[in-house]
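What follows is the residue order along each chain.
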Amino acid sequence: MDEKQREQSPWRRNLSVLWGCTFVAGIAFSEITPFMSLYVAQLGDFTKNQISFYSGVVYAATFFVTAIVSPIWGALADRKGRKIMLIRASLGMAGAMFLMGLVTNVWQLIALRALQGLFSGFVSNAQALIASQAPRKNAGKALGTLVTGSTSGMLMGPVIGGVLAQLVSIRVTFFITAGLLLLAGIISGLFVTEAFVPVERKKDGKSGLSGLLGQFRDPRLIIVLLLSTMFVQLGNASIAPIISLYVKELMHSQGLYALVAGIIAALPGISNILSAPRLGAYGDRHGSGRVLVAGYLFAVLVYLPQGFVTSVVVLGGLRLLVGISDGALFPTIQTLLTKNSPSSATSAIFSWNQSFQALGNMFGALLGGTLAGLFDYNVVFITTALLLLINFAMLWFTEPSLRHQNA
């Protein structure tokens, strides 16, 4: 699709519709998170260590499968269209969520979490559809706006899920989650417009990521950007499992530490919603590479002191700033992938991006839990800052063009 066709496409309407759909999907994805370990505990007579182990496996199962199948779905999207992939993902995950409310043992739950990963790809296909339609001069702002949809939903999800778990039950919450995903699929099917032209498969014998990279002008840049997605998500995921425990430690197990932990956990999402569209628009005007470089340096500066704080107020302020760094990094990486990808590879590259993000979720959770167990919670924050600094150095020295990127 050339720039004139992009200008004439219904990308603005699709952006509005998909913002609402990713908002609903974000709620659905996150509203079961707060009580997943409680649900595991209900499925058997487990010790504390067994509950921790099974909860970790339940959490990782989805991301493990997602990392494997995302490129397959991306390749299929390039041949069949992104809209049908939105419907496929939402309906498949709705079915998996519904069945989770019926399980009688932990192994059934693990299998269904893996099934959820098999049908993953709603958000990545929404991003790919907008990236394929929005004029490249508006790509940063469009993707930055879209990411606030899922972020907003994921902010509200844990609160809604906790209320539902109290008012009804954990099992019933799974059924409600399935209904939300079904709603997102119906809205996508009815209101998203896509004039899709199938991408011809090249008969050169190459497949997978190596075959995909052959379509790019700068394959090394694409690899570096995919690895960057993994590093940034690894940083976020390493903090998620221990943030409430860190807050409890800082408050010396006194007061409403659970409520405070929930508020602090939500702060990055609030600043992300406010900053991502503005930083995306700035990148469109002045260069996405500049936003990316600044985002990494800012992230290192706000993660490092979190390992040394003695007050939850200071921690809260720094976590609020983390949302700004995420607003600079995630949408900008996606924008650079869009601006440096041929239209024939849009869905495939966004699916690989989701795959690397899933790997970041897996490795981050394992890293955070391991470091917190071997040392203390503050080491997780310091290590995350160092990993982001390494990622920044990788970008700086392997892709010097990003320092002055204006595309």
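Everything below is about the structure shown above.
Since the model is a prediction, treat every value here as computed from it, not as a measurement.

*Asks:* Run through the overall build of the protein, naming residues and quoting values.
*Replies:* Along its length, the protein carries 17 helices and zero strands. A buried classification covers 53% of the 407 residues belonging to the protein. Here the analysis covers contacts within the protein between residues at least 6 apart in sequence; of these, 86% occur between residues at least 24 apart. In the structure as shown, the protein presents an accessible area of about 17400 Å², 68% of it carried by carbon and sulfur atoms.

*Asks:* So, the packing of aromatic side chains: which residues are in play, and what are the values?
*Replies:* Ring pairs (aromatic) are described by centroid distance and by the angle formed between their planes. Evaluated as defined, the whole model comprises seven aromatic pairs. A ring pair is formed by W19 and F23, whose centres lie 5.5 Å apart and whose planes are at 10°; its orientation type is stacked. Taken as a pair, W19 and F23 lie in helix α2 (residues 11–30) at a separation of four residues, close to a single helical turn. Looking at F23, the relative accessible area reads 21%, which means it is partly exposed. Residues F98 and F175 carry aromatic rings whose centres are separated by 5.0 Å and whose planes lie at 40° to one another, so their mutual orientation is tilted. Here the residue F98 occupies a position in helix α5 (residues 82–100), and F175 occupies one in helix α9 (residues 170–191), the gap between them amounting to 77 residues. The class for F98 is partly exposed, based on a relative accessible area of 41%.

*Asks:* Tell me about the nonpolar core, residues and numbers included.
*Replies:* Residues L292, Y296 and L315 are the most contacted members of the largest nonpolar core, which totals 52 residues. Mapped onto this core, the elements with two or more residues apiece are α7 (122–133), α11 (219–239), α12 (243–250), α13 (257–286), α14 (288–303), α15 (312–339), α16 (346–374) and α17 (377–398). Looking at this core, the element that brings in the most residues is α15, giving nine residues. L315 has contacts with I243, Y246, V247, L250, I264, Q306 and V309, leaving out every residue within four places of it along the chain. Counting residues in each nonpolar core, the second largest holds 41 residues, with C21, L86, A94 and A178 among its members.

*Asks:* A description of the environment of L321 should follow, citing residues and the corresponding values.
*Replies:* Turning to its location among the elements, L321 is positioned in helix α15. In this structure L321 comes out as partly exposed when scored by relative accessible area, which is 29%. Sequence spacing of L321 and V302 is 19 residues, and the spatial spacing of their C-alpha atoms is 6.7 Å. Not counting the four nearest positions on each side in its chain, L321 is found in contact with F298 and V302.

*Asks:* Any details on α17? Residues and values, ideally.
*Replies:* Along an α-helix, residues three or four apart share an orientation, since each turn contains 3.6 residues. An ideal rise of 1.5 Å per residue puts 32 Å on 22 residues; α17 measures up with 32 Å between its terminal C-alpha atoms. Listed as buried for α17 are Y377, V380, F381, T383, T384, A385, L388, N391, F392 and L395.

*Asks:* Explain α15 residue by residue, including any values.
*Replies:* Given a rise of 1.5 Å per residue, 28 residues ought to cover 40 Å, and the 40 Å separating the end C-alpha atoms of α15 matches this to within 8%. Burial analysis of α15 places 22 of its 28 residues in the buried class, which makes it a mostly covered element.

*Asks:* Outline the pattern of salt bridges, listing residues and values.
*Replies:* What the rule picks out here adds up to one salt bridge. Between R82 and E194 there is a salt bridge, with its nearest N and O atoms 4.0 Å apart. Remark: E194 occurs in the loop between α9 and α10 (208–213) and R82 occurs in helix α5; sequence separation between them is 112 residues.

*Asks:* Which residues make up the packing of α2 against helix α8 (residues 139–167), and what values go with them?
*Replies:* For the pair α2 and α8, interaxial distance at closest approach is 6 Å and the crossing angle is 25°. It follows that α2 is roughly parallel to α8 by the angle criterion. Here α2 runs over α8; the crossing is right-handed. Considering only residue class, the contact of α2 with α8 consists of 12 nonpolar, 10 polar and no charged.

*Asks:* Tell me about the packing of α11 against α15, residues and numbers included.
*Replies:* Packing of α11 against α15 leaves a shortest axis separation of 10 Å and a crossing angle of 155°. Here α15 runs roughly antiparallel to α11, going by the angle between their axes. In this structure, α11 meets α15 at a crossing whose hand is left-handed. Contacts from I222, L225, L226, S228, T229, V232, Q233, N236 and I239 of α11 reach α15 at R319, V322, D326, L329, F330, I333, L336 and L337. Across the contact of α11 with α15, the residue classes break down as 11 nonpolar, four polar and two charged.

So, how was this worked out
Residues numbered from 1 in each chain as written. Predicted model: local features only at pLDDT ≥ 70, side-chain atom pairs only at ≥ 80, totals over all residues. Heavy atoms only, no water. Helix = DSSP H or I, 4+ residues; strand = E, 2+ residues; numbered from the N terminus. Buried < 20%, exposed > 50% of the residue type's maximum accessible area, 1.4 Å probe, protein only. Contact = heavy atoms within 4.5 Å. Areas by Shrake-Rupley, 256 points an atom, 1.4 Å probe, with all protein chains shown as cover. Phe/Tyr/Trp six-rings, centres within 6.5 Å; stacked < 30°, edge-to-face > 60°. Core = buried A, V, L, I, M, F, W, Y, C linked by side-chain atoms within 4.5 Å. Expected span 1.5 Å × (residues − 1). Salt bridge = Lys/Arg side-chain N within 4 Å of Asp/Glu carboxyl O. Axes fitted to C-alpha atoms, helices over the stretch in contact; angles between N-to-C directions. Parallel < 35°, antiparallel > 145°, perpendicular 65-115°, else oblique. Left-handed = near helix turned anticlockwise from the far one by under 90°. Nonpolar A, V, L, I, M, F, W, Y, C, P; charged D, E, K, R; others polar.

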